[in-house]
Amino acid sequence: MTERKRYARQILLPEVGESGQDVLAGASVTIVGVGGLGSPAAMYLAAAGVGNIRLIDPDPVELSNLNRQLLHHQEDYETSRAKVESAKMKLRSLNPEITVEGVRERLDLKNAARLVQKPNVVLDCLDNYDARHDLNRYCVTNGLKLVHAAVEGWRGQMTTIFPGKTCCISCLVPRSPKREGPIPIIGAVAGTFGCMEANEAIKTILGLPGVLQGRLLIGDLLEQSWETIDVERNPHCPVCKGI
Ligand SMILES: [Zn+2]
């Protein structure tokens, strides 16, 4: 039996209501990457009562994660706890009404079907484009809606991919950018985009308007400038062409 009081403040919204809350409770989300984006995304989806949350991440908690990955605490670093285990503990403590699964594996094209499965929405909370391209290909070829965000420094971008309707990650960024060394990042910037991914997933699950379909949101939090640009499908995209 769902504790309605927990969700009372969002049930008040006409876009949610009692029926929308039931939809959230029956929904499933897979979050790939439980770091700077995935931590806040998972927290807000769990708090909102999204009934089934699946987390995928291969790594243990490291000290340099703690400036932004707020699901993970000092103790998790000291015990080298897996990020998916650390996240499961916190999310269950936050909301025992929902189901949280964790898979400690690195996603690639071969294991994507087993790891991601077929949720209502997938969240790209990754930190590299090689894995993003594998996730994108799996989601696009299986018709799975994918919320994409990427952050670096003070900047971030976000869009939501509806396979067959909108551009995909390969249309946007055909080749993985070359990069050496760790990505510089302000924790609050990752947090901002992670929260927005959760919000975008909730809207997508509820079928609400205003989702970033075919639009790319770009934010620079140093300059505090935001813009949304229309993004087109690439008719020659090797991933989504013909879909
Ligand atoms: Zn494409």
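Going along each chain's sequence as written, the residues are numbered from 1 onward. This being a predicted model, a pLDDT of at least 70 is required before a residue's local features are given, and a value of 80 or more before pairs of side-chain atoms are given or counted; all residues contribute to the totals for chains, interfaces and linings.

Peer 1: Tell me about the overall build of the protein, and name the residues and values.
Peer 2: On a plain count of helices and strands, the protein comes out with 9 helices and 8 strands. Along the three orthogonal principal directions, the C-alpha set of the protein runs to about 50 × 45 × 40 Å. Here the C-beta atoms are placed from the backbone, and a residue counts as buried if at least 20 other C-beta atoms lie within 10 Å of its own, exposed if 12 or fewer do, and partly exposed otherwise. Counting over 243 residues, the protein shows a buried share of 42%. Per the convention used, a helix needs a DSSP run of H or I reaching at least four residues, while a strand needs a run of E reaching at least two, with both numbered from the N terminus.

Peer 1: Give a detailed account of helix α5 (residues 83-94), specifying residues and quantitative values.
Peer 2: In a regular helix each residue adds 1.5 Å, so 12 residues correspond to 16 Å; α5 covers 16 Å between its end C-alpha atoms and thus fits that length. Taken together, the buried positions of α5 are K83, V84, S86, A87 and L91. Down the axis, α5 shows its buried residues gathered within 155° of arc, on one side only. A pair of residues counts as a contact when their C-beta atoms, built from backbone coordinates, are within 7 Å of each other. In this structure, the buried residues of α5 make contact with α3 (38-47), β2 (52-56), α4 (74-78) and β3 (99-103). The span expected for a helix works out to 1.5 Å for each residue beyond the first. Relevant arc is that of directions from the helix axis to the C-beta atoms, nothing else.

Peer 1: Quick rundown of the environment of L107? Include the residues and the values.
Peer 2: Its place among the elements puts L107 in the loop between β3 and α6 (112-116). With near-sequence residues (within four places) excluded, L107 lies in contact with V32, I56, A112, L115, A131, D134 and L135.

Peer 1: I'd like to hear about the sheet that holds strand β7 (residues 215-220), residue by residue, with values.
Peer 2: Sheet architecture is open: 8 strands sit in the order β3-β2-β1-β4-β5-β6-β7-β8, paired in mixed fashion. At either margin of the open sheet sits one strand with a lone partner, and together these are β3 and β8 (225-230). Averaged over all pairs of adjacent strands, the angle between their axes in this sheet comes to 15°, without regard to strand direction. Strands were regarded as paired on the criterion that DSSP finds at least two bridges between them. Alignment of strand β1 (residues 28-32) against strand β4 (residues 121-124), held across 4 bridges, turns out to be parallel. Bridging from a neighbouring strand, I31 pairs with L123 of β4. Set on the sheet, α5 makes contact with β2 and β3; between it and β3 the angle comes to about 170°. Between N-to-C directions, angles span 0 to 180 degrees; the directions come from axes that are lines fitted to C-alpha atoms, helices contributing only their stretch in contact.

Peer 1: Residues and numbers for the environment of K118, please.
Peer 2: Note on placement: K118 falls in the loop between α6 and β4. Residues in contact with K118, not counting those within four places in the same chain, are N142 and L144.

Peer 1: Give me the packing of α3 against α5: which residues, what numbers.
Peer 2: At their nearest, the axes of α3 and α5 sit 9 Å apart, and the two run at 30° to each other. In terms of axis orientation, α3 runs roughly parallel to α5. As α3 packs across α5, the resulting crossing turns out to be right-handed. Seen from α3, the contacting residues are A42, M43, A46 and A47; seen from α5, they are A87, L91 and L94. Ten residues, namely Ala, Val, Leu, Ile, Met, Phe, Trp, Tyr, Cys and Pro, are considered nonpolar, four, namely Asp, Glu, Lys and Arg, are considered charged, and the remaining ones, Gly among them, are considered polar. Its residues assigned to classes, the contact of α3 with α5 shows 7 nonpolar, no polar and no charged. Angle categories are assigned with fixed cut-offs, so that under 35 degrees is roughly parallel, over 145 is roughly antiparallel, 65 to 115 is roughly perpendicular, and the rest are oblique. For any pair of crossing helices, the crossing counts as left-handed if the nearer helix is rotated counterclockwise from the farther one by less than a right angle, and right-handed if it is rotated clockwise.

Peer 1: So, the packing of helix α2 (residues 17-25) against helix α9 (residues 187-206): which residues are in play, and what are the values?
Peer 2: Between α2 and α9, whose axes approach to 10 Å, the crossing angle comes to 110°. When the axis of α2 is compared with that of α9, the two are roughly perpendicular. Across the interface between the two elements, G20, V23 and L24 of α2 pack against I202, I205 and L206 of α9. Class assignment for the residues of the contact of α2 with α9 results in 5 nonpolar, 1 polar and no charged.

Peer 1: Can you tell me about unusual backbone geometry, naming the residues and giving the values?
Peer 2: Despite not being glycine, Q117 has its phi angle at roughly 60°, a positive value. Examined against the element boundaries, Q117 turns out to sit in the loop between α6 and β4. In the Ramachandran plot, Q224 falls in the positive-phi region, its phi being about 50° despite a non-glycine side chain. Mapped onto the secondary structure, Q224 falls in the loop between β7 and β8.

Peer 1: Mind laying out the nonpolar core, listing which residues take part and the relevant values?
Peer 2: Ranked by size, the top nonpolar core spans 60 residues in total, and within it I31, V32, A42, L45, I53 and L123 carry the most contacts. Counting residues per element, this core draws most heavily on α9, at 8 residues. In this structure I53 touches V29, I31, A42, L45, A46, L91, I98 and V100, once residues within four positions along its chain are discounted. What makes a nonpolar core is a set of buried Ala, Val, Leu, Ile, Met, Phe, Trp, Tyr and Cys residues, with links drawn between C-beta atoms within 7 Å.

Peer 1: Any chance you could break down the pairing of β4 for me, citing the residues and the numbers?
Peer 2: With burial as the criterion, each face of β4 is covered, one bearing V121 and L123 and the other bearing V122 and D124. As paired elements, β4 and strand β5 (residues 145-152) share 4 bridges and run parallel to each other. Within β5, the residue paired with V122 across the bridge is L146. When the strands point away from the viewer and the connection leading from the first strand across the helix to the second strand turns clockwise, the crossover is called right-handed. Read from β4 through helix α7 (residues 129-141) to β5, the crossover connection turns out right-handed.

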